[in-house]
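What the coordinates show
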Amino acid sequence: MINKVNIVYKLYTDVVRTQGNDASDLKAFDKDGKEVTLDFSAIDAEFAKQDYQNKRAYPTLEQQLDMQYWDQVNGTTKWKEAIAKVKSDNPKP
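Residues numbered from 1 in each chain as written. Predicted model: local features only at pLDDT ≥ 70, side-chain atom pairs only at ≥ 80, totals over all residues. Heavy atoms only, no water.

As for helix α2 (residues 40-50)
All buried positions along α2 are accounted for by Ile-43, Glu-46, Phe-47 and Gln-50. All buried residues of α2 fall inside an arc of 105 degrees around its axis, so they share one side. Opposite the packed face of α2, turned more than 90 degrees from it, sit the exposed residues Ser-41 and Ala-48. (Buried < 20%, exposed > 50% of the residue type's maximum accessible area, 1.4 Å probe, protein only. Helix = DSSP H or I, 4+ residues; strand = E, 2+ residues; numbered from the N terminus. Arc of directions from axis to C-beta.)

Right, dumping it as structure tokens:
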């Protein structure tokens, strides 16, 4: 799951430790223990670009395989419809 702490580590390669978990209390520190100044607008923008991954909840693999089996047996397309709905409801940015 993508969260803002993951984004901090992605954007700031010198960060080795964080404290807190959202904009109101998130702090980051380098290898010497010095606090790294964070640009929260950049963190929020990157989070928004990647948050679609959190929202794109596909059925489990077991459920998908079961749908595929029954689609073959019954001549239906429920699996394709389920996957297409997740993709259309949560498009990549």
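Focus: the side chain of Asp-30
Mapped onto the elements of the fold, Asp-30 is located in the loop between β2 (27-29) and β3 (35-36). Buried and unpaired, Asp-30 has no salt bridge, with Lys-34 as the nearest side chain of opposite charge at 5.9 Å. At a separation of 2.9 Å, a polar atom in the side chain of Asp-30 contacts the main-chain amide nitrogen of Asp-32. Looking at Asp-30, its side chain comes within polar contact range of the main-chain nitrogen of Lys-34, at 2.9 Å. Here Asp-30 is in contact with Asp-14, Val-16 and Val-36, once residues within four sequence places are set aside. (Lys, Arg positive; Asp, Glu negative; His and termini not counted. Salt bridge = Lys/Arg side-chain N within 4 Å of Asp/Glu carboxyl O. Polar contact = N/O pair within 3.5 Å; in protein donor to acceptor, adjacent residues only side chain to side chain. Contact = heavy atoms within 4.5 Å.)

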